[in-house]
Amino acid sequence: DIWHVHGFFHKPWWNKIPCIAWTPIDSLPIMPVFTEAQDKLKHLWVKAEFAKRELQDIGVQSKLFPCLIDQTKFYPLPAPERSLLRKQCGLEDVFVVGFVFRNQLRKLVTLLMEGYKIFLDKHKIKSKLLLHTNFSEPAGWNILGAAKELGIDRNDILTSYKCKNCRAAQIA
């Protein structure tokens with residue numbers, strides 16, 4: 001991953017053995033580290049087609065090597081299972097806005113929360129913001145502080161976690 005190796009480009013051992021940077025590029029704009037490092041990266045692999053296209057547009061060569069995931073294992077739950085899951089989570093009559101992300105400042109979570117607040121003010125419906133992330137990331141957003149600042153009720157923000165005792169995934 002380029003975020004972890006770009007500090008090694010100046011080392012004398014860099015590229016003495018074949019090195020591959022297989023990096024997730026999941027948003028735009030493309031960070032300058034890719035153009036700055038293109039002469040140092042003999043093998044740059046990306047996980048998404050759009051990333052390969054965007055890199056090519058700025059003159060950086062890469063290869064597409066998608067994530068090693070069996071996509072047949074991911075599918076919409078049948079309606080009865082989905083209803084049961086929503087009931088178990090207390091969300092049977094709730095509109096849920098979900099977002100999966102690592103809590104990093106570059107993710108601009110507060111923009112999502114501002115948009116959610118606009119949605120809440122415009123549409124007077126029962127709704128929750130479900131953030132699949134870590135609220136305690138050391139260099140991340142203070143999500144609950146931002147919610148308070150924006151006037152979003154703490155009870156309208158949920159997160160997912162894995163119970164240490166029963167090992168089940170839950171939301172709270």
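Quick note: structure is the one above.
Keep in mind the model is a prediction, meaning the values are calculated, not measured.

## Side note on the overall build of the chain
Reasoning step 1: In terms of helices and strands, the chain carries 6 helices and 7 strands.
Reasoning step 2: Walking the chain from its N terminus toward its C terminus, one meets helices and strands in the order α-β-α-β-α-β-α-β-α-β-α-β-β.
Reasoning step 3: In terms of overall size, the chain is more extended than a compact globule, its C-alpha atoms giving a radius of gyration of 20 Å where 172 residues would be expected to give roughly 16 Å.
Reasoning step 4: Along the first, second and third principal axes, the C-alpha atoms of the chain reach 55 × 40 × 35 Å.
Reasoning step 5: Burial statistics for the chain: of 172 residues in total, 26% are counted as buried.
Reasoning step 6: Within the chain, contacts between residues separated by at least 24 positions form 55% of all contacts whose residues are at least 6 apart in sequence.
Reasoning step 7: Accessible surface, the chain as shown: approximately 12100 Å² in total, 58% of it carbon and sulfur.
Reasoning step 8: One finds the centroid of the 25 positive side-chain charges in the chain at a distance of 5 Å from the centroid of its 17 negative side-chain charges.

## A look at the packing of aromatic side chains
Reasoning step 1: Under the defined criterion, the tally for this structure stands at 8 aromatic pairs.
Reasoning step 2: Each residue in the set Phe-8, Phe-9, Trp-13 and Trp-14 is aromatic and connected to the rest through ring pairs, giving one cluster.

## Quick look at the sheet that holds strand 7 (residues 169-171)
Reasoning step 1: Pairing in this open sheet of 4 strands is mixed, and the strands run 4-5-6-7 from one edge to the other. The open sheet terminates on both sides in strands that have one partner only, identified here as strand 4 (95-100) and strand 7. Ignoring which end each strand starts from, the neighbouring axes of this sheet average 25 degrees apart.
Reasoning step 2: When strand 4 meets strand 5 (residues 127-132), the two strands line up parallel, connected through 6 bridges. Considered in strand 5, the bridge of Gly-98 is made with Leu-130.

## Some details on the nonpolar core
Reasoning step 1: With 17 residues, the main nonpolar core has Ile-2, Phe-9, Ile-25, Phe-34, Leu-41, Leu-44 and Leu-55 as its most contacted residues.
Reasoning step 2: Listed by contribution, the elements that provide at least two residues to this core are helix 1 (2-5), helix 2 (33-37), strand 2 (44-46) and helix 3 (49-57).
Reasoning step 3: Residue contributions to this core peak at 3 residues, all from helix 2.
Reasoning step 4: Ignoring sequence-local partners within four residues, the contact set of Ile-2 consists of Phe-9, Thr-23, Val-33, Phe-34, Ala-37 and Leu-41.
Reasoning step 5: Within the second largest apolar cluster, 12 residues are counted, among which are Val-109, Leu-131, Ala-147 and Ile-152.

Criteria and thresholds
- Residues numbered from 1 in each chain as written.
- Predicted model: local features only at pLDDT ≥ 70, side-chain atom pairs only at ≥ 80, totals over all residues.
- Heavy atoms only, no water.
- Helix = DSSP H or I, 4+ residues; strand = E, 2+ residues; numbered from the N terminus.
- Rg over C-alpha atoms; globule rule 2.2 N^0.38 Å.
- Buried < 20%, exposed > 50% of the residue type's maximum accessible area, 1.4 Å probe, protein only.
- Contact = heavy atoms within 4.5 Å.
- Areas by Shrake-Rupley, 256 points an atom, 1.4 Å probe, with all protein chains shown as cover.
- Lys, Arg positive; Asp, Glu negative; His and termini not counted.
- Charge placed at Lys NZ, Arg CZ, Asp CG, Glu CD.
- Phe/Tyr/Trp six-rings, centres within 6.5 Å; stacked < 30°, edge-to-face > 60°.
- Pairing = 2+ DSSP bridges.
- Axes fitted to C-alpha atoms, helices over the stretch in contact; angles between N-to-C directions.
- Core = buried A, V, L, I, M, F, W, Y, C linked by side-chain atoms within 4.5 Å.

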